[in-house]
Amino acid sequence: MDTRSRELFEAAKRHIPGGVNSPVRAFGSVGRTPRFIASAHGSRIVDVDGNEMIDYVCSWGPGILGHAHPRVIEKVREACGYGLTYGAPTEQEVQMAELLAELIPSMEVSRLVSSGTEAVMSAIRVARGYTQRDKIIKFKGCYHGHSDGLLVKAGSAALTTSVPDSAGVPADYTKNTLVALYNDPASVEALFQANPEEVAAVVVEPVAANMGVVPPARGFLEFLREITKQNGALLIFDEVITGFRLALGGAQEYFHVTPDLTTLGKIVGGGMPIGVYGGKRGIMEMISPLGPVYQAGTLSGNPIATAAGLETLRILREDPGIYQRLEEKAVRIAESVREAAGEAVCVNRIGSLLSIFFTPEQVTDYESAVSSDTAWYAEYFGYLLDHGIYTAPSQFEAMFVSDAHTGEDIETTCRVIRDCLRRMI
């Protein structure tokens, strides 16, 4: 049943562009009506028609503990009792900065903002101010938010729209954005050679997760660390997705590669809107009021968001076994797909992130990712949705496993996926 969702979608289209407040929610690439969600708890979400589904979107990553974790909810309720926003410093901001420096040592100094987009945009501004250079290198298919200078060969929902690069972005905003190929060191070397002493930073998702999940090739992140050092540029890890998901110290702990700047979002807010950027003290002290790089925000360090984020991070710190449990669950799903589909599909998995690509090719970069058959993905998505499994409504997004997913949830999911793939292939 999706009667009420259909009614709400039609009403939404009258006053909201496309009926949604973020493009992928429109279900456009999978040919379905978006489900309007009424509630969520643990591993399940319930839509306005009363359909209960096992959720593998997890709000696109923040739900590592599942929905409405009782400890997090209690801290949010407590914080709300004191007021929603002050536009002034709070003790929780100090606690968050201290905890981040403990968990991610490269983030000696950090600043809170309100979204991942804002975090990456601000980190790039700092990199430019610190190096006194204008150009940045990003990677085709990697998504770093919707700021003007980064909507160049972006990933995420941009891959399933008719125009992958946004209208409304002047050419002058992107002329200093150079695009390399993920997992292709030669493409990065060529850009540095063609732009000597002009590149301020390389910004990268250490695990590309916005063209589907594409892990870094062996040695690729180490190469980026070395070439940026050699050329006087900074290395920025966009850990909005990987932060606290691959490990308590993020992808940089997982891969043992230390960037100059790191951006965070999603899990760091425990489900509330937040973003963070941070790095070495000498770089971050370029920011106003200490330095000449300006950045500000009325809701930065919002006390409700910091309350949710602090409690989420404390739970993860207290129970490091979460990461092994997540790994085991994700491995079980990946193995089930391979058993059912063989070489007809490619399954990429790292930690609790995974993607099923409907292509026999190994997906290692943008070009191999977009070789996936999106019509097959739409059929797969629809079958799972109709059988109570809620996954990303786009081929080019990740599947997120949470600690709230039970063994029964995983086995049900594996059974539905096997049934689906055996019908299709």
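On to the confidence of the model for the protein chain. On average, residues of the protein chain score 94 in pLDDT, and 96% of them reach the 70 mark or higher. Counting interchain partners and residues more than four positions distant, the pLDDT-below-50 stretch residues 155-164 has 21 contacts.

Bringing the environment of S187 into the picture now. Inspection of the secondary structure puts S187 in helix α6 (residues 185-194). Overall, the relative accessible area of 15% leaves S187 in the buried class. Through-space distance from the C-alpha of S187 to that of F139 is 9.7 Å; in sequence the pair is 48 residues apart. In this view, S187 contacts A180 and L181; residues no more than four positions away in its chain are not counted. There is a polar contact of 3.0 Å between the side chain of S187 and the backbone nitrogen of L181.

The next subject is the pattern of salt bridges. Going through the model one piece at a time under the given rule, you end up with 20 salt bridges. Two residues, D386 and R32, come together in a salt bridge whose shortest N-O distance is 2.8 Å. Linking D386 in helix α13 (residues 374-386) with R32 in the loop between α1 (3-15) and β1 (37-41), this pair joins segments that are 354 residues apart in sequence. For R32, a relative accessible area of 29% translates into the label partly exposed. Where R44 meets D409, a salt bridge forms, and the shortest distance between an N and an O atom there is 2.9 Å. Of this pair, R44 sits in strand β2 (residues 44-47) while D409 is found in helix α14 (residues 407-424), placing the two residues 365 residues apart along the sequence. Of the residues examined, R44 reaches a relative accessible area of 27% and is grouped as partly exposed. Three or more residues are tied together by salt bridges with common partners; here these are D319, R325, K329 and D403.

Attention now moves to the nonpolar core. In terms of nonpolar packing, the biggest core is built from 67 residues, with F244, V268, L313, L316, I333 and Y380 touching the most fellow members. The leading source of residues in this core is helix α11 (residues 322-341), at nine residues. Those residues in contact with L313, other than ones at most four positions away along the chain, are M96, L99, L100, L103, F244, I267 and V268.

So, how was this worked out
Residues numbered from 1 in each chain as written. Predicted model: local features only at pLDDT ≥ 70, side-chain atom pairs only at ≥ 80, totals over all residues. Heavy atoms only, no water. pLDDT = per-residue confidence, 0-100. Contact = heavy atoms within 4.5 Å. Helix = DSSP H or I, 4+ residues; strand = E, 2+ residues; numbered from the N terminus. Buried < 20%, exposed > 50% of the residue type's maximum accessible area, 1.4 Å probe, protein only. Polar contact = N/O pair within 3.5 Å; in protein donor to acceptor, adjacent residues only side chain to side chain. Salt bridge = Lys/Arg side-chain N within 4 Å of Asp/Glu carboxyl O. Core = buried A, V, L, I, M, F, W, Y, C linked by side-chain atoms within 4.5 Å.

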